[in-house]
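Observations on the model geometry
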Amino acid sequence: MFRTTVEKLLSQALEERQDLFLIEMTVGGDNSIKVIIDGDNGVTVDDCVFISRAVEHNLDREEQDFSLEVASAGAASPLTNKRQFIKNIGRTLEVKTSDDVINGNLLNATENEIVLQWKSREPKPVGKGKITVEKQAEIAYENIVEAKVMIKF
């Protein structure tokens, strides 16, 4: 019952702020609520405060004792939502599939797949040495084991 109430409040808050979306929500046995959000334009402290207030101000502490933590998806967190892929078009990703790991530039993200492009050094077809080859792959979301944005300094 408590979890359902929290989910409803969270859903209402996210309807009001459609630029934000839910990555994960957990409610522990001790009523510890943890919410992780992301946004099409990133997440600010004010965004976290908005979500926190939307949930906390509509729960009665006299009825239920709880703790609430609202956070943004970290920079090194895996991408789990299609909207996260769309927001990161143009950035370099490390994508693990069941049989490969690809570091490439995210060219596109559709409803069903992502498109990565990268350069690879491969042996020349004739003779000694290597040449640089530009490669591209379309990877369906269901084939992605893990995807992370590669942070460059």
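Reference entry: report on the structure contained in this document. The model shown is predicted, which means the values in this text are computed figures rather than measured ones. (Residues numbered from 1 in each chain as written. Predicted model: local features only at pLDDT ≥ 70, side-chain atom pairs only at ≥ 80, totals over all residues. Heavy atoms only, no water.)

**Considerations on the nonpolar core**
Judged by nonpolar contacts, the single largest core of 18 residues is most densely connected at V6, L10, I33, V35, I37, I51 and L59. Elements supplying a minimum of two residues to this core: α1 (2-16), β1 (20-27), β2 (32-39) and α2 (45-56). Apart from the residues within four sequence positions on either side, V35 is in contact with L10, L22, E24, M25, I51, L68, E69, V70 and A71. Counting 16 residues, the second-largest nonpolar core is a separate cluster that includes L79, L93, L106 and I114. (Core = buried A, V, L, I, M, F, W, Y, C linked by side-chain atoms within 4.5 Å. Buried < 20%, exposed > 50% of the residue type's maximum accessible area, 1.4 Å probe, protein only. Helix = DSSP H or I, 4+ residues; strand = E, 2+ residues; numbered from the N terminus. Contact = heavy atoms within 4.5 Å.)

**Considering the environment of Q64**
Locating Q64 in the fold gives a position in the loop between α2 and β3 (67-72). The exposure class assigned to Q64 is partly exposed, which follows from its relative accessible area of 30%. In contact with Q64, other than residues within four places in its own chain, are F2 and N31. Separated by 2.7 Å, the side chains of Q64 and N31 make a polar contact. (Polar contact = N/O pair within 3.5 Å; in protein donor to acceptor, adjacent residues only side chain to side chain.)

**Comments concerning the pairing of strand β6 (residues 113-123)**
Where strand β5 (residues 101-109) meets β6, four bridges bridge the pair, whose relative direction is antiparallel. Bridging from a neighbouring strand, N108 pairs with V115 of β6. The turn joining β5 and β6, which pair antiparallel and follow one another in sequence, is formed by three residues. Where β6 folds back onto strand β7 (residues 130-140) in an antiparallel hairpin, the turn is made up of six residues, including G127, whose phi is positive at roughly 90°. (Pairing = 2+ DSSP bridges.)

**Here we look at the pattern of salt bridges**
Applying the stated criterion across every chain yields a total of nine salt bridges. Note that D19 is salt-bridged to R17, the shortest N-O span being 3.0 Å. Two residues, D40 and R83, come together in a salt bridge whose shortest N-O distance is 2.6 Å. Here the residue D40 occupies a position in the loop between β2 and α2, and R83 occupies one in helix α3 (residues 82-87), the gap between them amounting to 43 residues. (Salt bridge = Lys/Arg side-chain N within 4 Å of Asp/Glu carboxyl O.)

**Quick notes on the packing of aromatic side chains**
According to the stated counting rule, one finds two aromatic pairs in the structure shown. The lysine or arginine in question, R17, covers the ring of F50, its NZ or CZ lying 5.6 Å from the ring centre. When the ring centre of F66 is taken as origin, the NZ or CZ atom of R61, which lies over that ring, is 4.0 Å away. (Phe/Tyr/Trp six-rings, centres within 6.5 Å; stacked < 30°, edge-to-face > 60°. Lys NZ or Arg CZ within 6 Å of the ring centre and 35° of its normal.)

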